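Chain and residue survey
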Amino acid sequence: MADVSPPPAPKTVPAPRDQHLRDLADCIRFLSMDAVQQAKSGHPGAPMGMADIATVLFKDFMNFDAADPHWIDRDRFILSNGHGSMLLYSLFYLLGYKDMPLEELKRFRQVGSKTPGHPEYRHADGIETTTGPLGQGIADSVGFALAERIMNATFGDSLVNHYTYVFMGDGCLMEGISQEAISLAGHLKLGHLICFWDNNSISIDGATSLSVSDNEIMRFQASGWHTLEIDGHDTDAIREAIKTAQSVKDKPTLIACKTIIGFGFPTKAGTQKAHSDAPGEDEIAGARKILGWDSPPFVIPEELLNAWREIGARGRASRMAWADRVKAAPDGLRQDFERRTRGELPADWKKAIAAARAEFIESGKELATRQASGAVLNHLFDAIPELLGGSADLTPSNNTKTKNQIEVKPGEYNGSYVHYGVREHGMAAAMNGIALHGGLIPYGGTFMCFSDYCRPAIRLAAMMEIRTIFVMTHDSIGLGEDGPTHQPVEHLASLRAIPHLGVYRPGDPVETAECWELILDQPRRAALIALSRQPMPLLRKESGTENKSARGAYVLLEADGERKLTIMATGSELHLAVEAREIMQSQGVPTAVVSMPCRLLFEEQDAAYKKAVMGETHARVAVEAAVEMGWDRYLGFQGRFVGMHEFGASGKIADVYKKFDITTEAVVRAAKETMKEVFG
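Since we're looking at a predicted model, the values are computed, not measured. (Residues numbered from 1 in each chain as written. Predicted model: local features only at pLDDT ≥ 70, side-chain atom pairs only at ≥ 80, totals over all residues. Heavy atoms only, no water.)

Looking at helix H14 (residues 350-363)
Going by this rule: Only DSSP runs of H or I covering at least 4 residues are called helices, and only runs of E covering at least 2 are called strands; the numbering of each starts at the N terminus. One less than the residue count of a helix, multiplied by 1.5 Å, gives the span that helix is expected to have. Each residue is placed in one exposure class: buried if its accessible area under a 1.4 Å probe, protein chains only, is under 20% of its type's maximum, exposed if it is over 50%, and partly exposed if it falls in between. As used here, the arc is the angular range of directions from the helix axis to the C-beta atoms. Contacts: residue pairs with any heavy atoms within 4.5 Å of one another.
A rise of 1.5 Å per residue sets the reference length of H14, with its 14 residues, at 20 Å; its end C-alpha atoms lie 20 Å apart and thus fit the reference within 8%. Within H14 the residues assigned to the buried category are Ala352, Ile353, Ala356, Arg357 and Phe360. Taken end-on, H14 shows its buried residues confined to a sector of 140°, consistent with a single buried face. Away from the buried face of H14 by more than 90 degrees, exposed residues Lys351 and Glu362 are located. Considering only its buried residues, H14 is in contact with strand E6 (367-368), helix H15 (369-383) and helix H20 (509-520). Once H14 finishes, Gly364 follows within two positions and takes phi at roughly 65°, a positive value.

Right under this line is the structure:
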């Protein structure tokens, strides 16, 4: 039987190659352990194990300026093993980031602090992305590195030329998303992506050999990466490895760093006990003795703090030289670069929306909303060059590639469309990285049912409030013959439950154009647009540019007479509501149809608007080819729902709708039932 016990905890530490670098690294170690101890929770092991790597990286290689954390051409540093957040927070304080005073380290993991348990985007300058769910950081980093190369191809070396550095742990590499990410990065030959694997052989349960025996080096090599193996505490080896990695232009690099988790702890180093929780006063006292650290908690010797502050200011000259290059760039190039990196859209981009609307109204054709979306994108791409499209191997079905888009290829980054392959989760996370990098607006498509594969990254996009756009087609049982495995039923309710995520389900081509306008007009909101496979009639035929979808829901057709009945619908079922209204009106029941393309936007409206849309009557019907969850707030106890109550079935679209009784006739029956309930 194999020995799966962790290595024995060291009572001493290896002698440093450079005592000054060891002292600088110990600043990170002791701030991290002191903060965790004061909070009585946290993860000291990773910051203590990776402190030497961080010290060499920031001192000798990272191109950044602590005085301007948002400088667009800075190198990016991503902590994929986000539980080691005190490494980041310690660095930010030591380097002199203005919004990370020592007091924030003392408030680690406290409500309202800038130092939450895992790094959160926008909580503090320097945090490039929210990490914590393992594997998300490495997948995000692929997006960062790809965005850098695409922006470089557009604006040149003088304006965009930087690296993306990633720290990641064993857990990140166990997560399935890591394979999607490293495969895509290797395929695209992202040479400006350099990843450091904290190879400490420890997991929460014990030695990693309890659960994994992969050869990670061969795994990365098989995906087209350059690989290096070093002692993660040998500062000379770290330095040489980074130099070598930077010299490799056509491959991303993995630097496998053999480290000791909890480096310096007298009894917990090298064991799972170093991973998380407060180490205890005795353990910290022992670490002070072993590492020769005499300062009390949270105190950094002045000469070491000054040295770190010099590191934080080292990149100022580089930033100023870059600013001069921006000023010297041709006017048109400079203006486009500055606009895009500010996240602003071209001044006249909404003309593209108006053109798409006019095109739909003029043709009057029935269109699937996925086709309408593709038509809108054809107009938008010419107006907004920073749009970066893609699909998880479903381009013809998702209608995500416009007629003028050029494909991004390995080593060729002058394109605007990415073939992500069958890597839905990796695609979603990479798009987050692209959005976070700046200068590009990513959108990517797959089938709605596969939003489950994307969900962790969708959730983080919503949490970070970034403009990542998820295009989900084949959004109901209207997918048809592929059957219940591919027919989303519970997905709309599940996605609408994610806070801050704008979920849009347009009901005709004009609403599709309106939804794209709303999505692009909100830079601080992640969005998902649900689109149909099957065609649907054009319901909005009026001219003009008013965006009726802008408030989330609106009265598509008001009742003829004092309203007695309200029928609500979204997407491909909206026309059923319209047809049912005609029948009810013909039978003397004044009926209104409410279209609700985005529930989140509707919930943000004031009470008066909501009341005006929903009407006074309690006789209400909602129709949607999905589960009822969420509709009850609008239906009340007397309303009726027409939709799905089980998984779907394989068959022709019309037959499937009939099987599950989602028809005009079913809406009429439900309308009569709620009328009887309300009016007797």
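Focus on the sheet that holds strand E10 (residues 469-473)
Test applied: Two strands are said to pair when DSSP picks up at least two bridges between them. Each axis is a line fitted through C-alpha atoms, and for a helix only the stretch in contact is used; angles between axes span 0 to 180 degrees, taken between their N-to-C directions.
Taken in spatial order, the six strands make up an open sheet running E8-E7-E9-E10-E12-E11, and their pairing is parallel. Of all strands in the sheet, those with a lone pairing partner are strand E8 (417-419) and strand E11 (502-504), marking the two edges. Each adjacent strand pair in this sheet contributes to an overall mean axis angle of 20°, direction not counted. Against the sheet, helix H18 (residues 451-464) makes contact with strand E9 (441-447), E10 and strand E12 (527-530), and its axis sits at roughly 155° relative to E10, the strand it touches most.

Side note on the nonpolar core
Put simply, the rule reads: For our purposes a nonpolar core is just a set of buried Ala, Val, Leu, Ile, Met, Phe, Trp, Tyr and Cys residues, chained together by side-chain atoms within 4.5 Å.
Core analysis: the largest hydrophobic core is formed by 72 residues, its most contacted members being Leu146, Met168, Leu190, Leu193, Phe337, Ile458 and Leu528. Sort the elements by how many residues they give to this core and helix H5 (residues 136-155) lands first, with ten residues. Excluding its chain neighbours within four sequence positions, the residues that come into contact with Ile458 are Ser451, Phe470, Met472, Leu495, Ile498, Leu501 and Leu528. Within the second largest apolar cluster, 71 residues are counted, among which are Leu21, Val56, Ala66 and Leu94.

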